[in-house]
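Overview (structure and organization)
Listed below, chain by chain, are the residues.
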Amino acid sequence: MNEVAILKVGMADMKVASSGESLRTTGLGSCVGLVLYDVQRRIAGMAHIMLPSSTIARENRINPAKYADTAVPGLVEMMKREGADPGRLIAKMAGGAQMFHFAGEDVMRIGPRNVESVKQVLEQLGIRLVAEDTGGNYGRTVEFDSRTGVLHIRSVQHGVKEI
Amino acid sequence: MELFGHNADFKMDVLREIGNIGAGNAATALSRLLDKKVNMKVPTVSLLPFEQIAERVGGPETVVVAVYVRVIGDAPGNMFFIMGMEQANRLLNVLLGMEDAQGPGYTEMELSTLCEIGNILGGSYLSSLADLTGMRLSPTVPSVAVDMAGAILSYGLLQFGTMGDDALLIDTTFFEGDRQAEGHFFFIPDPESFPRLFRSLGVPME
């Protein structure tokens, strides 16, 4: 058995796998783990998105991986450089949970807002979302196998799932 | 991220003292609840990349029991009381007289007990801080989660998220009696709260 190399994607980070590696990001709560995939070339990209929109950014140099509206086009661009065809990309995503519940605190809805924002940007770019495991009130760790196109999702209280 | 400008070392000391007083009070409350000695370490204050915050409690995938309160008032922020499962089980055993509390699948009763512990500890941390600074600070209703540390703590980083990829964490570790099982108080004031905290304590801001 060949050991598959795993590329770790940190929080507010994105990476591309172009030679059969797996992409993995851990402890997604309200954050969204987005995967874009070119089936034909077996090129995959993953972003760990933290916030819905860069319009709320107050930093001088924006980290594109952090915001949904910059991460999706940023990831497409990175994958294009590795030889992926933007017209062929499909998307899968997981995360966007609401870990804690409070009355009236808007910041607590950040998970669902992240999911909505990613969907909107995908639609604008004409990328089809083929599968998702989002929402709920629990954390997820995800791993995407760029050879098979399967996204493995693990959680503490709900076991393992594949989409 | 340039958070402090002048006097950065002195300001870090002030924050360490905030942790010391707040967590000291909370540890005393915990000690009364358990009727046992609770020890704590000198707080650490650090500006950490998001990735490394969860490392403080064993890494993003470590399953922890966390009670979260949002701090509201003059210096808003996020506060977590975090324990390993073993520590949480023991707390429940002592407080509820149950021998079989087993995470991660806690009963409603156990979860609400953990929430209440968080409420008491968060309240004592903040009331001592309010006394010290003369500011109005109060906790929201607490919320408890048993899950991956990364998923939980990311909630405390959102306010810093719009400014950069680091957050300032005031971390106080405590021990129950002579056992080595440890827990943490994490206080992550919102970026806007620092000037207010410093001003209230008479730290020159220039």
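These lines cover the structure that appears in this document, whether it is placed above or below. (Residues numbered from 1 in each chain as written. Chains lettered and ligands numbered in written order. Predicted model: local features only at pLDDT ≥ 70, side-chain atom pairs only at ≥ 80, totals over all residues.)

This part takes up the sheet that holds strand E2 (residues 14–17) of chain A. The strands that make up a sheet are held in pairs by hydrogen bonds between backbone atoms, and each pair lies either parallel or antiparallel. Residues and elements named next belong to chain A. The mixed open sheet is built from 5 strands, whose spatial order is E2-E5-E4-E6-E7. The open sheet has two free edges, formed respectively by E2 and strand E7 (128–134), since each of these has just one partner strand. Each neighbouring strand pair of the sheet contributes to a mean axis angle of 15 degrees, computed without reference to strand direction. One ladder, built from 6 bridges, connects strand E6 (residues 90–95) with E7; its direction is parallel. (Pairing = 2+ DSSP bridges. Helix = DSSP H or I, 4+ residues; strand = E, 2+ residues; numbered from the N terminus. Axes fitted to C-alpha atoms, helices over the stretch in contact; angles between N-to-C directions.)

Take the interface of chain B and chain A next. Counting from both sides, the interface comprises 28 residues of chain B and, opposite them, 30 residues of chain A. Where the side of chain B that touches chain A is concerned, the elements lending two or more residues are helix H2 (50–53), strand E3 (63–73), strand E6 (143–148), helix H5 (149–153) and helix H6 (158–161) of chain B. For the side of chain B that touches chain A, the residue count by class is 15 nonpolar, 8 polar and 5 charged. (Contact = placed C-beta atoms within 7 Å. Nonpolar A, V, L, I, M, F, W, Y, C, P; charged D, E, K, R; others polar.)

Residues and elements named next belong to chain B. Compared with an ideal rise of 1.5 Å per residue, which puts 12 residues at 16 Å, helix H3 (residues 85–96) spans 16 Å between its outermost C-alpha atoms and is within 8% of the ideal. Among all positions of H3, only Ala 88, Asn 89, Leu 91 and Leu 92 are buried. Along the long axis of H3, the arc covered by the buried residues comes to 160 degrees, so they all point the same way. Looking at the buried residues of H3, the elements they touch are E3, strand E4 (77–84) and helix H4 (108–133). Looking at the residues trailing H3, positive phi occurs at Gly 97, about 65 degrees. (Expected span 1.5 Å × (residues − 1). Buried ≥ 20, exposed ≤ 12 C-beta atoms within 10 Å, placed from the backbone. Arc of directions from axis to C-beta.)

Residue and element names in this part refer to chain A. Reading across the sheet, the 5 strands line up as E1-E3-E8-E9-E10 and stay open at both edges, with mixed pairing between neighbours. A single partner strand is all that each edge strand has here, and the edge strands are strand E1 (6–8) and strand E10 (159–162). Ignoring which end each strand starts from, the neighbouring axes of this sheet average 20 degrees apart. Here E1 pairs with strand E3 (residues 22–28) via 3 bridges, running parallel. Bridge assignment links Lys 8 to a residue of E3, and that residue is Arg 24.

This part takes up the environment of Met 99 of chain A. Residue and element names in this part refer to chain A. Tracing the backbone through its elements, the reader meets Met 99 in the loop between E6 and helix H2 (110–124). The class for Met 99 is buried, based on 24 C-beta atoms found within 10 Å. C-alpha of Met 99 to C-alpha of Ser 30: the two residues are 69 residues apart in sequence and 7.0 Å apart in space.

Just geometry here; none of it tells us what the structure is for.
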